Amino acid sequence: MKFSQRLFRFLIGVTIGCLLVYVMFPNYDWLGWLPGKQIRGNILSRHQSVGPKAMCEANFFAVAEADWKNVLADGSINFEKSRTKDQDKTYYLENDGIGVEVLLKDSTAYILHIHRIGVNTQTPCQDE
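Residue numbers here run from 1 along each chain, matching the order of that chain's written sequence. Predicted model: local features are reported for residues with pLDDT of at least 70 only, side-chain atom pairs are reported and counted for 80 or more only, and whole-chain, interface and lining totals are derived from all residues. Derived side-chain values reflect all non-hydrogen atoms in the structure, with water molecules and hydrogen atoms excluded from consideration.

Let's shift gears to the side chain of E57. Secondary structure elements follow DSSP: runs of H or I no shorter than four residues count as helices, runs of E no shorter than two count as strands, and numbering proceeds from the N terminus. Looking at where E57 falls in the secondary structure, it is placed in helix α3 (residues 52-60). One buried charged side chain, E57, makes no salt bridge at all; its nearest oppositely charged neighbour is K53, positioned 4.1 Å away. Distance and chemistry together define a polar contact, namely a pair of N or O atoms within 3.5 Å, with one atom able to donate a hydrogen and the other to accept it when in protein, and with adjacent residues in sequence counting only for side-chain atoms on both sides. Here I114 takes part through its backbone nitrogen, which lies 3.0 Å from a polar atom of the side chain of E57. Burial status follows relative accessibility: with a 1.4 Å probe on protein chains alone, a residue under 20% of its type maximum counts as buried, one over 50% as exposed, and anything between as partly exposed. Here Asp and Glu are counted as negative and Lys and Arg as positive; His is not counted, and neither are the chain ends. What makes a salt bridge here is a side-chain nitrogen of Lys or Arg within 4 Å of a carboxyl oxygen of Asp or Glu, nothing more.

This part is about the pattern of salt bridges. Taken as a whole and assessed by the stated rule, the structure comprises 5 salt bridges. Of the charged contacts, one joins E101 and R83 as a salt bridge, the two residues approaching to 3.3 Å between their closest N and O atoms. Placement of E101 in strand β4 (residues 98-105) and of R83 in the loop between β2 (76-77) and β3 (90-95) is noted, with a sequence separation of 18 residues between them. Looking at E101, the relative accessible area reads 14%, which means it is buried. Exposure remark for R83: the relative accessible area of 39% places this residue in the partly exposed category. Each of R83, D86 and E101 takes part in a single network of salt bridges with overlapping partners.

The complete set of buried residues in α3 reads K53, A54, E57 and A58. All buried residues of α3 project into a common sector of 140 degrees when viewed along the axis, lining one side. We call two residues in contact whenever any of their non-hydrogen atoms come within 4.5 Å of each other. Considering only its buried residues, α3 is in contact with β1 (47-50) and β5 (108-116). At the C-terminal side of α3, A62 shows a positive phi close to 55 degrees. Working note: the arc is built from the helix axis to C-beta atom directions.

Quick look at the sheet that holds β1 now. Strands are treated as partners if at least two bridges between them are detected by DSSP. On the basis of which strands lie adjacent, the open sheet formed by 5 strands has the order β1-β5-β4-β3-β2 and mixed pairing. The two strands at the open ends of the sheet, each matched to only one other strand, are β1 and β2. Note that β4 and β5 share 8 bridges and pair antiparallel. Residue E101 lies in a different strand from β5, and its bridge partner there is H113.

Our focus in this paragraph is the packing of helix α2 (residues 35-45) against helix α4 (residues 65-74). A fitted line through C-alpha atoms serves as each axis, taken over the contacting stretch for helices, and the angle formed by two N-to-C directions is quoted from 0 to 180°. One way to put it is that α2 packs onto α4 with a least axis distance of 8 Å and a crossing angle of 135 degrees. In terms of orientation, α2 lies oblique with respect to α4. Contacts between α2 and α4 pair R40, I43 and L44 from the former with L72, A73 and D74 from the latter. Angles below 35 degrees are treated as roughly parallel, those above 145 as roughly antiparallel, those between 65 and 115 as roughly perpendicular, and all remaining angles as oblique.

Here we come to unusual backbone geometry. In this structure, A62 takes a positive phi of about 55 degrees despite not being glycine. If you trace the backbone, A62 turns up in the loop between α3 and α4. For A62, a relative accessible area of 56% translates into the label exposed.

β3 sits mainly inside the fold: 5 of its 6 residues count as buried. Where β2 lies against β3, 2 bridges are found, and the strand directions are antiparallel. When the bridges of β3 are listed, I77 appears paired with L93. Pairing between β3 and β4: 6 bridges, direction antiparallel. In the sheet register, Y91 faces β4, and the bridge partner there is V102.

And the structure:
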């Protein structure tokens, strides 16, 4: 038997095995081990606290509460803008033109900033 025949039969077996596993476990979260999904789950499982500056920014940029909560649930994490090496980790999530910066402390996800991506980020909001 040639190598190409053995390889073809092997690939058929692997394909059948993968299909069986997929059919037997249809509700399994296959990508749940990825870091972005783990971090979003961690943020959603904690008590969420919105800072006064973040509320002011949300009002200034006209970002509804449902919109920034959607970013927390479904947004992609920009690891280049996130600070993951610090003691208190800060993650930057973005989705549909909205950016949210979240600080994770003990059992709280503290929302620091809410803004629209690509819009001038200077606001009349004060740091507190």
